[in-house]
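Below, each chain spelled out in residue letters.
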Amino acid sequence: MLLRYPDRLPLTPRTPRITLGEGGTPLIEAPSLAAELGLGRLLLKFEGLNPTGSFKDRGMVVAVARAIEADSQVLVCASTGNTSASAAAYAARFGLRAVVVVPAGMIASGKLLQAQVCGATVLAIRGNFDRALQVVRELAARHSVALVNSLNPYRIEGQKTAAFEIVEALGAAPDVLSLPVGNAGNITAYWRGFREEQARGRVSALPRLLGVQAQGAAPIVRGRPVARPRTVASAIRIGNPASWEGATLARDESRGTIVAATDEEILAAQRRLASREGVFAEPASAAALAGVDRAVRSGWIAPGERVVLVLTGHGLKDPDAVRDELPPPIPVDDDPAGIARLLEL
Ligand code: AN7
């Protein structure tokens with residue numbers, strides 16, 4: 001990504017052009033869901049296909065490159081899971097130490113394993129993500145470590161490249177771009193990316209942004225912080241987003257909206273994406289579809305519009321979120337004739 005967009009990212013001649021192969025994710029046509037929802041087109045920007053399985057790699061690579069350039073030895077972040085997996089991977093590959101602070105017992109099993117297997121120091125605090133973020137901010141203010149949360153401006157800069165890719169693929173911006181909102185860095189980044197495309201004359205019309213929070217963790221929808229955020233979508237279990245202002249600016253300038261989806265709607269959307277389109281995204285990502293479903297029903301999205309869903313993370317990161325919802329495998333004898341009868345072939 002640093003090689004692909006050197007003049008559109010905050011790099012200096014001394015910034016190492018590192019990569020784990022992030023970016024360049026596919027924009028996948030979702031014809032069944034488009035027909036069901038009455039949309040002109042529905043496309044899935046599948047960010048789960050980044051090297052650590054989430055969009056975080058786009059910003060992490062820039063933040064880590066600049067940290068290396070500044071001679072930092074230690075990366076620090078608070079995380080609901082994906083940021084820690086990404087920081088751990090880039091630290092492992094590029095010879096840095098990673099220290100990640102997570103809310104104890106609150107992060108998806110796959111994400112925790114990713115950080116551990118890459119050799120990060122994983123610290124679990126009693127308290128939620130918002131508290132973990134306060135802790136690492138204080139740590140970074142007092143010690144010489146590189147903070148790689150999205151408060152780090154290089155993270156947002158890297159993440160905006162996803163908007164460039166969507167414009168390249170479509171030759172225009174979609175009518176609506178839907179994405180989950182947690183700490184609100186990504187919605188801020190997409191808006192910046194689309195605005196930059198407009199400034200370069202690549203698009204005339206900009207998309208309306210549809211941000212989706214989980215009902216139990218919807219501070220922006222409610223207009224005030226949520227002290228004890230709760231949702232099955234652990235990635236976006238955030239009560240006081242760091243980029244709150246960026247999100248409301250993106251919403252208002254794009255004539256967009258930020259809505260809440262219930263856990264039930266999120267899990268149903270996750271199953272629907274997988275069973276109709278074969279794309280397995282984590283619950284937070286599926287919130288983007290739950291939001292579109294609501295917006296279609298309320299009339300905020302008109303029939304025939306062209307919509308892009310940002311699927312921010314891979315479903316395999318969080319098997320526990322779906323396991324209980326699924327029927328178990330059917331036990332059978334190793335007998336082809338019996339199996340054929342069972343299947344009514
Ligand atoms: C899959 O990893 O905050 O609104 O610490 O992992 O930019 O925060 C993750 C957030 C959406 C929300 N989807 O993005 C973290 C973390 C997935 C995520 C979000 C996250 P932001």
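Anything mentioned here points back to the structure above.
If you're wondering where the values come from, they're calculated on a predicted model, not measured in any experiment.

**Details of helix α5 (residues 129-142)**
For an α-helix, 3.6 residues make a turn, and residues three or four places apart therefore share a direction. The terminal C-alpha atoms of α5 lie 20 Å apart, and with 14 residues this matches the ideal 20 Å at 1.5 Å per residue to within 8%. Measuring from the side-chain oxygen of the N-cap residue of α5 to the backbone nitrogen of Asp130 gives 3.1 Å; that N-cap residue is Asn128.

**What to know about the site of the ligand**
The local shell around the ligand holds 23 residues, among which Asn82, Gly182, Asn183, Ala184 and Thr312 are the closest. Note that an oxygen atom of the ligand is positioned 3.2 Å from one of the backbone N or O atoms of Gly185. Coverage of the ligand by the protein amounts to 99% of the 470 Å² it exposes when considered alone. Listing elements by their share of the shell around the ligand, those giving two or more residues are α3 (82-94) and α8 (185-199). Among the residues making up the shell around the ligand, the classes are represented as 10 nonpolar, 11 polar and two charged.

**A few points about the pattern of salt bridges**
All chains considered together, the criterion is met by 25 salt bridges. Between Glu282 and Lys111 there is a salt bridge, and its shortest N-O distance comes to 2.7 Å. Remark: Lys111 occurs in helix α4 (residues 109-117) and Glu282 occurs in the loop between α11 (263-277) and α12 (283-298); sequence separation between them is 171 residues. Among the ionic pairs, Arg195 bridges to Glu253, the shortest N-O distance being 2.6 Å. Of this pair, Arg195 sits in helix α8 while Glu253 is found in helix α10 (residues 244-253), placing the two residues 58 residues apart along the sequence. Residue Arg195 is classed as partly exposed on the basis of its relative accessible area of 37%. The exposure class of Glu253 is partly exposed, given its relative accessible area of 39%. Residues joined by salt bridges that share partners form a network here, namely Glu36, Glu265, Arg272, Arg276, Asp293, Arg294 and Arg297.

**A short note on the environment of Arg66**
In this structure, Arg66 sits in helix α2 (residues 56-69). Between the alpha carbons of Arg66 and Ala146 there is a distance of 9.4 Å; along the sequence they are 80 residues apart. Setting aside residues up to four positions removed in sequence, Arg66 forms contacts with Pro10, Leu11, Thr12, Thr15 and Tyr154. A distance of 2.5 Å separates a polar atom in the side chain of Arg66 from the backbone oxygen of Pro10.

**Things to note about the nonpolar core**
Core analysis: the biggest nonpolar cluster contains 33 residues, and Leu39, Leu42, Leu273, Val292, Ile301, Leu309 and Leu311 have the highest contact counts within it. Those elements that provide at least two residues to this core are α1 (31-37), β2 (41-46), β8 (208-214), α11, α12 and β10 (306-311). Broken down by element, this core gets its largest block of residues, eight residues, from α12. What Val292 contacts, discounting residues up to four positions off in sequence, is Leu37, Leu39, Ser178, Leu210, Ile301, Val307 and Leu309. Counting residues in each nonpolar core, the second largest holds 30 residues, with Met1, Tyr5, Leu11 and Ala67 among its members.

**A word on the sheet that holds strand β5 (residues 121-125)**
Overall, parallel pairing links the four strands, which are arranged β5-β4-β3-β6 in an open sheet. Single-partner strands in this sheet number two, and they are β5 and β6 (146-147). In the sheet, strand β3 (residues 74-78) pairs with β6 via two bridges, with the strands oriented parallel. The residue of β6 that forms the bridge with Leu75 is Ala146. Across the sheet, α5 is in contact with β3, β4 (97-103), β5 and β6; its angle to β3 comes to roughly 150°.

**A look at the packing of aromatic side chains**
For the coordinates displayed, the defined rule picks out three aromatic pairs. Look at Tyr90 and Phe94: their rings are 6.3 Å apart centre to centre, the planes differ by 20°, and that puts the pair in the stacked class. Remark: Phe94 and Tyr90 occur in helix α3; sequence separation between them is four residues, near one turn of the helix. Here the guanidinium or amino end of Arg8 rests over the ring plane of Phe164, the centre of that ring lying 3.7 Å away. Cation over ring: Arg208 sits above Trp300, and NZ or CZ is 4.5 Å from the ring centre.

**Some details on the sheet that holds strand β7 (residues 176-180)**
In spatial order, the strands read β1-β2-β10-β7-β8-β9; together these six strands make up an open sheet with mixed pairing. In this open sheet, the two strands that pair with only one neighbour each are β1 (27-29) and β9 (257-261). Averaged over all pairs of adjacent strands, the angle between their axes in this sheet comes to 25°, without regard to strand direction. Strand contacts of α12: β7, β8, β9 and β10, with the helix running at about 155° to β10, the strand carrying the most contacts.

**Considerations on unusual backbone geometry**
Phi is positive for Asp71, which is not a glycine, with a value near 65°. Examined against the element boundaries, Asp71 turns out to sit in the loop between α2 and β3. Relative accessible area serves as the criterion here: at 60%, Asp71 is assigned to the exposed category. Its identity is not glycine, yet Arg255 carries a phi of approximately 55°, on the positive side. In this structure, Arg255 sits in the loop between α10 and β9.

Analysis parameters
Counting restarts for each chain, with residues numbered from 1 along the sequence as it is written. Whole-chain, interface and lining totals are the exception, using all residues; otherwise, since this is a predicted model, local features are given only for residues with pLDDT of at least 70 and side-chain atom pairs are given and counted only at 80 or more. Calculated side-chain values reflect all of the structure's heavy atoms, with hydrogen atoms and water omitted. Secondary structure is summarised from DSSP: a helix means a run of H or I of at least four residues, a strand means a run of E of at least two, and numbering begins at the N terminus for each. Expected span of a helix, by definition, is 1.5 Å for each gap between consecutive residues, and there is one gap fewer than residues. Here a polar contact means two N or O atoms within 3.5 Å. Within protein one must be a hydrogen donor candidate and the other an acceptor candidate, and residues neighboring in sequence count only if both atoms are side-chain atoms. Consider each residue's heavy atoms; a residue with any of them within 4 Å of a molecule or strand counts as near. Per-residue and other accessible areas follow the Shrake-Rupley method at a 1.4 Å probe size, with only the shown protein chains counted as cover for residues. Classification convention: Asp, Glu, Lys, Arg as charged; Ala, Val, Leu, Ile, Met, Phe, Trp, Tyr, Cys, Pro as nonpolar; all other residues, Gly among them, as polar. Definition used for salt bridges: Asp or Glu carboxyl oxygen within 4 Å of a side-chain nitrogen of Lys or Arg. Burial classes: relative accessible area under 20% of the type maximum marks a residue as buried, over 50% as exposed, and values in between as partly exposed (1.4 Å probe, protein chains only). When checking whether two residues touch, look at their non-hydrogen atoms; a contact exists if any pair is within 4.5 Å. We call a set of buried residues a nonpolar core when its members are Ala, Val, Leu, Ile, Met, Phe, Trp, Tyr or Cys and they connect through side-chain atoms within 4.5 Å of each other. A pair of strands is considered paired only if DSSP assigns at least 2 bridges between the two. Inter-axis angles, ranging from 0 to 180 degrees, are taken between N-to-C directions of lines fitted to C-alpha atoms, where helices are fitted over the stretch in contact. Planes of paired rings set the category: under 30 degrees apart is stacked, over 60 is edge-to-face and the rest tilted, where pairs are Phe, Tyr or Trp rings (Trp by its six-membered ring) whose centres lie within 6.5 Å. Charge-over-ring placement is defined geometrically: NZ (Lys) or CZ (Arg) within 6 Å of the ring centre, and within 35 degrees of the ring normal.

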